[in-house]
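# Architecture at a glance
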Amino acid sequence: MSFVIRTPCSSANIGPGFDVIGLALSLHLELHVTIDPKSSSDLPLNCQITYEDQSKSTESISLDPEVNLITRVALYVLRCHNQRAFPAETKVHIINPIPLGRGLGSSGTAVVAGVMLGNEVGRLGLSKERLLDYCLMIERHPDNVAASLFGGFVGTYLNELKPEDVARIEIPLSEVLPAPAGGIDTGKFNWAKEIKAIAIIPDFVVPTANARDVLPKTYTRADVVFNLQRAALLPAALGSSPPDPDMIFLAMQDKVHQPYRKTLIPGLTEILQSMTPATQPGLLGICLSGAGPTILALATDRFTEIADRIIARFASNNISCQWKLLEPAQSGATVTPN
Ligand SMILES: Nc1ncnc2c1ncn2[C@@H]1O[C@H](COP(=O)(O)OP(=O)(O)OP(=O)(O)O)[C@@H](O)[C@H]1O
Ligand SMILES: N[C@@H](CCO)C(=O)O
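- Under an unreviewed UniProt entry, the protein has the name Homoserine kinase and belongs to Penicillium alfredii.
- UniProt, in its Function (unreviewed entry) section for the protein, records the words "Commits homoserine to the threonine biosynthesis pathway by catalyzing its O-phosphorylation."

## A look at the pattern of salt bridges
- All told, the structure shown has eight salt bridges when counted by the stated rule.
- For Glu-327, the salt bridge identified is with Lys-196, shortest N-O distance 3.8 Å. With Glu-327 in the loop between strand E10 (321-326) and strand E11 (334-337) and Lys-196 in strand E7 (residues 196-202), the pair connects residues that are 131 residues apart, well separated along the chain.

## A few points about the packing of helix H1 (residues 69-79) against helix H2 (residues 106-121)
- Packing of H1 against H2 leaves a shortest axis separation of 7 Å and a crossing angle of 45°. Comparing their axes, H2 and H1 come out oblique. H1 and H2 meet at a crossing whose hand is right-handed. Two secondary-structure elements touch here, H1 through Leu-69, Ile-70, Thr-71, Val-73, Ala-74, Val-77 and Leu-78 and H2 through Ser-107, Ala-110, Val-111, Ala-113, Gly-114, Val-115, Leu-117, Gly-118, Asn-119 and Val-121.

## A few points about the site of ligand 2
- Around ligand 2, the neighbouring residues are Ala-12, Asn-13, Phe-18, Asp-19, His-141, Asp-143, Asn-144, Arg-212, Arg-261, Gly-290 and Ala-291.
- Asn-144 is positioned with one of its side-chain polar atoms (N or O) 2.9 Å from an oxygen atom of ligand 2.
- Contact between ligand 2 and Arg-261: an oxygen atom at 2.8 Å from a side-chain N or O atom of the residue.
- In isolation ligand 2 exposes 260 Å². Once the protein is present, 96% of that is buried.
- Counting residues domain by domain, the shell around ligand 2 receives three or more from each of domain 1 (2-188) and domain 2 (196-326).

## As for the UniProt feature "domain: GHMP kinase C-terminal" (unreviewed entry) in the protein
- Within this structure's numbering, the places UniProt gives as "domain: GHMP kinase C-terminal" (unreviewed entry) are residues 251-310.
- Secondary structure across residues 251-310 divides into 30% helix and 18% strand, with the first and last C-alpha atoms of the span separated by 20 Å.

## Looking at the UniProt feature "domain: GHMP kinase N-terminal" (unreviewed entry) in the protein
- The feature "domain: GHMP kinase N-terminal" (unreviewed entry), as annotated in UniProt, sits at residues 68-152 in this numbering.
- Along residues 68-152, the helical share is 56% and the strand share 8%, with 27 Å between the first and last C-alpha atoms.

## A look at the site of ligand 1
- Contacts to ligand 1 come from 20 residues, most closely from Glu-59, Gly-105, Ser-106, Ser-107 and Thr-208.
- Between Gly-101 and ligand 1, the recorded distance is 3.0 Å, taken from a backbone N or O atom to an oxygen atom.
- Within the backbone of Gly-105, one N or O atom sits 2.7 Å away from an oxygen atom of ligand 1.
- Relative to its unbound accessible area of 640 Å², ligand 1 is 85% covered by the protein chains.
- Going through the elements one at a time, H1 and H2 are the ones with two or more residues in the shell around ligand 1.
- Looking at the shell around ligand 1, the element that brings in the most residues is H2, giving three residues.
- Class assignment of the residues belonging to the shell around ligand 1 gives a composition of nine nonpolar, nine polar and two charged.

## Comments concerning unusual backbone geometry
- Note that the residue after Ser-241, namely Pro-242, is joined by a cis bond; omega there is 0°.
- Note that Pro-242 resides in the loop between helix H8 (221-239) and helix H9 (245-251).
- Following Gly-292, the chain continues into Pro-293 via a peptide bond in cis, with omega recorded as 5°.
- Phi at Lys-56 is positive, roughly 60°, even though this residue is not glycine.
- Position of Lys-56 among the secondary structure elements: in the loop between strand E3 (47-53) and H1.

Thresholds, definitions, all that
- Residues numbered from 1 in each chain as written.
- Chains lettered and ligands numbered in written order.
- Predicted model: local features only at pLDDT ≥ 70, side-chain atom pairs only at ≥ 80, totals over all residues.
- Heavy atoms only, no water.
- UniProt positions renumbered as here; feature names shortened; annotations may be inferred.
- Salt bridge = Lys/Arg side-chain N within 4 Å of Asp/Glu carboxyl O.
- Helix = DSSP H or I, 4+ residues; strand = E, 2+ residues; numbered from the N terminus.
- Axes fitted to C-alpha atoms, helices over the stretch in contact; angles between N-to-C directions.
- Parallel < 35°, antiparallel > 145°, perpendicular 65-115°, else oblique.
- Left-handed = near helix turned anticlockwise from the far one by under 90°.
- Contact = heavy atoms within 4.5 Å.
- Near = heavy atom within 4 Å.
- Polar contact = N/O pair within 3.5 Å; in protein donor to acceptor, adjacent residues only side chain to side chain.
- Areas by Shrake-Rupley, 256 points an atom, 1.4 Å probe, with all protein chains shown as cover.
- Domains from an automatic or database assignment.
- Nonpolar A, V, L, I, M, F, W, Y, C, P; charged D, E, K, R; others polar.

Written out as structure tokens, the structure is:
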């Protein structure tokens, strides 16, 4: 048996939709999987991992199936279904173009790929809605994993779990969560075909955990209302064709996470304020991608000019960047025979 799991990366929040709104983007993690029970060797947990880095990341990825995030998640799903290891002679070749720890959802994408892998090799036949529950047991916020799993531009939610249920991660999910814990709204939001995403990816890592630690525990009513007003506008603004640049720019403003993350990302405030649709033709809006440090600029044209302006701002803080022109990935995670 041989198959490929393809999972898009994501940009979450898109400004005001902190932990709620996510967008799947056209940069895909691939797992090339073969299972050959006839060949015999003594693989740990029956699994051999090989890794091809196309992301130019400096961080190394473990090839131990009990440590590697993708296979660890697959084992969690398998063990919840009384399967202790991979089927004999499972080989997983990972091809990863997603930069690690930069705000393009590398970990959420790996978690989605991992639950898809567990579902396939264990022949579990779980629905994507149920797979999202497994993702949430690991990732805990739904915006990035829901975008990678379902694809497109999504609004997501979590049901409230009791803390004791959340803590029972080793218990089979069917006992912890008889009903789905979270999901996406009744459908995906529309995305206007003219809008492309420019990802400007600085050459340093911000672990998401650190970027969450700098956020306050409480907010003023004024800041909450500010974000709610803009988050309510955002899907309509980004779904309307032709796009209205002023409406999109306004709808992408945020007071819940970006202002606090400036301590981790030199020049962040200046970059977010450095241009508007009035001063940069083609620009629609600009935000931090995920927990950063990547900047996501939405635009209809002049992509190189917009990227160059943001790269120059980072350069004035001695930070180099790469950039990519991406589009929404509508299909989400897929499995195809090889
Ligand atoms: N393909 C992969 N294989 C194994 N581990 C991975 C893979 N991709 C990411 N990871 C793990 O996830 C970590 C990065 O996760 P982190 O949540 O900090 O950032 P991110 O997901 O890239 O950004 P964000 O959540 O802001 O979008 C990496 O350091 C690595 O340990
Ligand atoms: N919503 C998350 C990013 C996605 O992992 C955050 O901003 O911390």
